[in-house]
Amino acid sequence: QVQLVESGGGLVQAGGSLRLSCVASGRTFSSYFMAWLRQAPGKEREFVAWISLSGGSTHYADSVKGRFTISRDNAKNTVYLQMNSLKPEDTAVYYCAAARDTMRVEDPSRYGTWGQGTQVTVSS
């Protein structure tokens, strides 16, 4: 099983950009489907983006489509989330998560391995 560590969060003004990184331990990273999810204060955890094993397929929540890009580098055991045109409503703790299959990729309960999260705050 992999262990995940996120980084790259911070405070940014609306319209700005951030790139989150998630590094996985172990030699099986390429066998995991990866995703980014987020949780805002007082809200449930929600799906943001998903990427296939090779990185050839991606899927996004409607709220971030066209602004966020998920990618992965299997040689570096790392998945990224490039976030552009950030909005105050993007403020949340962002988590990377790993799954062994592609069932219901938008359902947080499908992910068995999570990082500790990184805070993203977007000021207006």
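Look up: the structure comes first, before these words.
Residues numbered from 1 in each chain as written. Predicted model: local features only at pLDDT ≥ 70, side-chain atom pairs only at ≥ 80, totals over all residues. Heavy atoms only, no water.

Engineer: Please explain the overall build of the protein chain as it appears in this structure.
Structural biologist: Each helix and strand counted, the protein chain has zero helices and 11 strands in total. Computed over C-alpha atoms, the radius of gyration of the protein chain comes to 13 Å, within 12% of the 14 Å expected from 2.2 N^0.38 for 124 residues, which places it in the range of a compact globule. Its C-alpha atoms give the protein chain principal-axis dimensions of roughly 40 × 25 × 25 Å. Buried positions account for 44% of the 124 residues belonging to the protein chain. In the protein chain, the share of contacts with a sequence separation of at least 24, taken over all contacts with a separation of at least 6, comes to 58%. If you sum the accessible surface of the protein chain, you get close to 6,200 Å²; carbon and sulfur atoms cover 47% of it. Across the protein chain, the mean location of the 13 positive side-chain charges is 6 Å away from that of the 10 negative side-chain charges. (Helix = DSSP H or I, 4+ residues; strand = E, 2+ residues; numbered from the N terminus. Rg over C-alpha atoms; globule rule 2.2 N^0.38 Å. Buried < 20%, exposed > 50% of the residue type's maximum accessible area, 1.4 Å probe, protein only. Contact = heavy atoms within 4.5 Å. Areas by Shrake-Rupley, 256 points an atom, 1.4 Å probe, with all protein chains shown as cover. Lys, Arg positive; Asp, Glu negative; His and termini not counted. Charge placed at Lys NZ, Arg CZ, Asp CG, Glu CD.)

Engineer: Looking at this structure, how should I read the packing of aromatic side chains?
Structural biologist: For any pair of aromatic rings, the description consists of the separation of the ring centres together with the inter-plane angle of the planes. Counted by the stated rule, this structure contains three aromatic pairs. Ring centres of Y95 and W114 lie 6.0 Å apart, and the angle between their planes is 80 degrees; on these two criteria the pair is classed as edge-to-face. Of the two residues, Y95 sits in strand β9 (residues 92-99) while W114 sits in strand β10 (residues 113-114), which places them 19 residues apart along the sequence. According to the relative accessible area criterion, Y95 is buried, its value standing at 12%. Aromatic rings pair up to connect Y95, Y111 and W114 into one cluster. Over the aromatic face of W114 sits the side chain of R45, whose NZ or CZ is 4.6 Å from the ring centroid. In this arrangement the basic side chain of R72 is found over the ring face of F29, its NZ or CZ atom lying 4.5 Å from the centre. (Phe/Tyr/Trp six-rings, centres within 6.5 Å; stacked < 30°, edge-to-face > 60°. Lys NZ or Arg CZ within 6 Å of the ring centre and 35° of its normal.)

Engineer: Please clarify how the nonpolar core should be interpreted in this entry.
Structural biologist: As a rule of thumb, nonpolar side chains are buried together in soluble globular proteins. Counting 39 residues, the largest nonpolar core has W36, V79, L81, M83, Y94 and Y111 as its most contacted members. For this core, the elements supplying multiple residues, two or more each, are β3 (18-24), β4 (33-39), β5 (46-51), β7 (68-73), β8 (78-83), β9 and β11 (118-123). It is β9 that provides the largest number of residues to this core, a total of six residues. In this structure Y94 touches E6, L20, W36, L37, R38, V48, F68, L81, M83, G117, T118 and V120, once residues within four positions along its chain are discounted. (Core = buried A, V, L, I, M, F, W, Y, C linked by side-chain atoms within 4.5 Å.)

Engineer: How should unusual backbone geometry be read in this particular structure?
Structural biologist: Backbone geometry follows two general trends: most residues other than glycine have a negative phi, and most peptide bonds adopt the trans configuration. The phi dihedral of S85 falls on the positive side, at around 50 degrees, and the residue is not glycine. In this structure, S85 sits in the loop between β8 and β9.

Engineer: I'm lost on the side chain of S21 in this one. Help?
Structural biologist: Examined against the element boundaries, S21 turns out to sit in strand β3. Taking the relative accessible area as the measure of exposure, S21 reaches 15% and is therefore buried. The residues touching S21, leaving out its near neighbours within four places in the chain, are V5, E6, S7, W36, T78, V79 and Y80.

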